[in-house]
Amino acid sequence: RHSWALCLLEVDAEAGTLQLYQRDVNCLSDDDRTTRRRALTRLAASVSTLASDEAAGMQTLAALWEQSLRAPLLKLLADPVEKNRELALALTAAVLEALPQPVIRASLAHVAPAAAARLSSSAAAEPTEELRLELLRLLGTLARRAGTPLSVYLPEIAAALRAGFADPFPDAKKAACSLCVQLSDVLAEHIEPHCAMLARALLPALAHQHSRVRTAAVEALVALLLREPSALAELGPQLALLATDRASSVREQAVGSVARLLAEMPHREANTARLLPHLLCALSDEVESIRSLAHTSLARLGGATDVAAQRVQPLAALAPDLMAAADAATFDGAPPEAADARGEEAARVAAAAAAAA
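This is a predicted model, so every value here is computed, not measured. (Residues numbered from 1 in each chain as written. Predicted model: local features only at pLDDT ≥ 70, side-chain atom pairs only at ≥ 80, totals over all residues. Heavy atoms only, no water.)

Draft legend 1. Highlighting helix α4 (residues 82–98). With 17 residues, α4 should cover 24 Å at 1.5 Å per step; its first-to-last C-alpha distance of 25 Å lies within 8% of that length. Turning to α4, its buried residues number three or more, namely N84, R85, A88, L89, L91, T92, V95, L96 and A98. The inward-facing, buried residues of α4 abut α2 (33–51), α3 (56–75), α5 (101–106), α6 (108–117) and α7 (129–146). (Helix = DSSP H or I, 4+ residues; strand = E, 2+ residues; numbered from the N terminus. Expected span 1.5 Å × (residues − 1). Buried < 20%, exposed > 50% of the residue type's maximum accessible area, 1.4 Å probe, protein only. Contact = heavy atoms within 4.5 Å.)

Draft legend 2. Up close: the confidence of the model for the chain. When the pLDDT values of the chain are averaged, the result is 82; 80% of them are 70 or greater. In this model residues 4–13 is a low-confidence stretch, pLDDT under 50, and it forms zero contacts with partners more than four residues away in sequence or in other chains. Overall, residues 303–357 carries pLDDT values under 50, and its contacts beyond four positions in sequence, including any with other chains, amount to 71 contacts. (pLDDT = per-residue confidence, 0-100.)

Draft legend 3. Region of interest: the environment of L136. As for its placement among the helices and strands, L136 is situated in helix α7. Since its relative accessible area comes to 3%, L136 is described here as buried. Separated by 18 residues in sequence, L136 and R118 have C-alpha atoms that sit 9.7 Å apart. Apart from residues no more than four positions distant in its own chain, L136 is found in contact with L119, A172, A175, A176 and L179.

Draft legend 4. Local environment of the side chain of R85. Tracing the backbone shows R85 in helix α4. R85 gets classed as buried once you look at its relative accessible area, which sits at 7%. Only 2.8 Å separates the side chain of R85 from the side chain of E126, close enough to count as a polar contact. Residues within four places of R85 in sequence aside, it is in contact with L76, L77, A78, D79, P80, R118, E126, P127, T128 and L131. (Polar contact = N/O pair within 3.5 Å; in protein donor to acceptor, adjacent residues only side chain to side chain.)

Draft legend 5. Spatial organisation of the packing of helix α8 (residues 154–165) against helix α9 (residues 170–186). Where α8 contacts α9, the two axes come as close as 8 Å, and the packing angle between them is 145°. Considering only the axes of α8 and α9, their crossing is left-handed. Each of I157, L161, G164 and F165 in α8 lies in contact with α9, whose residues at this interface are A172, K173, A176, C177, L179, C180 and L183. Broken down by class, the residue content of the contact of α8 with α9 amounts to nine nonpolar, one polar and one charged. (Axes fitted to C-alpha atoms, helices over the stretch in contact; angles between N-to-C directions. Left-handed = near helix turned anticlockwise from the far one by under 90°. Nonpolar A, V, L, I, M, F, W, Y, C, P; charged D, E, K, R; others polar.)

Draft legend 6. View of the pattern of salt bridges. The full count for this structure, using the stated rule, is 14 salt bridges. Residue R85 pairs with E126 through a salt bridge whose shortest N-O separation is 2.8 Å. You can see R85 sitting in helix α4 and its partner E126 sitting in the loop between α6 and α7, a full 41 residues away along the chain. For the pair formed by R85 and E126, the shared burial category is buried. Among the salt bridges present, the one from D245 reaches R214, with a minimum N-O distance of 2.8 Å. Note that D245 is positioned in the loop between α13 (232–243) and α14 (248–264) and R214 in helix α12 (residues 211–227), a separation of 31 residues in sequence. With relative accessibility at 8%, the residue D245 sits in the buried group. (Salt bridge = Lys/Arg side-chain N within 4 Å of Asp/Glu carboxyl O.)

Draft legend 7. Layout of the nonpolar core. If you look at the biggest cluster of nonpolar residues, it comprises 106 residues, and the most contacted ones within it are W65, L142, L150, F165, L183, L202 and L279. When residues of this core are assigned to their parent elements, the largest contribution, ten residues, is made by α12. Beyond its immediate stretch of four places on either side in the chain, L142 contacts L96, I104, L108, V111, A112, G147 and L150. (Core = buried A, V, L, I, M, F, W, Y, C linked by side-chain atoms within 4.5 Å.)

Here it is, written out as structure tokens:
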């Protein structure tokens, strides 16, 4: 009887604590925009206080979220007032950062579709570019905190990613690319059916005027191709353009990406002829760091001998040509005429290796 009494006291105490926040939760559904805004502000302060208490506060926050806060807060992601949408999104992100993982996973059916719908190309899409950026980051938080169970909602998230790739806001494009990389890692066993479509949707970002967008898009493309290489035949020409991009940062990202694909892509032997020339051409890049990256990558690809012990597998049939091309492209310390001669030699050996591929 004593233990039952203690349990009842704990339940009553929790109910009394939740009641302290209920007025603000009720105000989230008020017709007056100012009332909703003030309630969001007060609840944000309350959540911050609860999250700082890892014991009782966290338990109260989880109960508050599941019993009363979740539904009206997620509804405000579509509030007609931009400031209220901003506050609702920030509060949702703060709660998801603080909640225990089991509670987050139990809420995926509510949070993931609500956030993805605001990023779709439908009439329900978020009109403010900064908030679209934050919605993409919110999905990233879900991926990081929830993990594999998020795979159930990949169709909706994939649609949000495609909209993000085409977003006119450059920062949103970059955030969509980062989310794509994150999902390819966290949901590696589940994202394959969506990879080809997502890779094709990346084309506008791969050709974007901002070099940082192109760089982010290359990283996303590689993450997708490592899971499903079938899109390489279609996107190979764009990858070739990026390997000779006017921005050295993009070229460097492309060269590193090609090297990674050659080392890690499933059935890479079938795609060597498409990828290897890009890496070989980088041996004569005007930027020393890119030449060095290509040289090192070729050395690793051509020189690995222990297949079982190393992730980077040897391209055994091409190893002599790869090493010769790498050696021929070493310009350090050479006079200009010697550098030109070695560049021609590198090009000749590169052509031979590409033909062999």
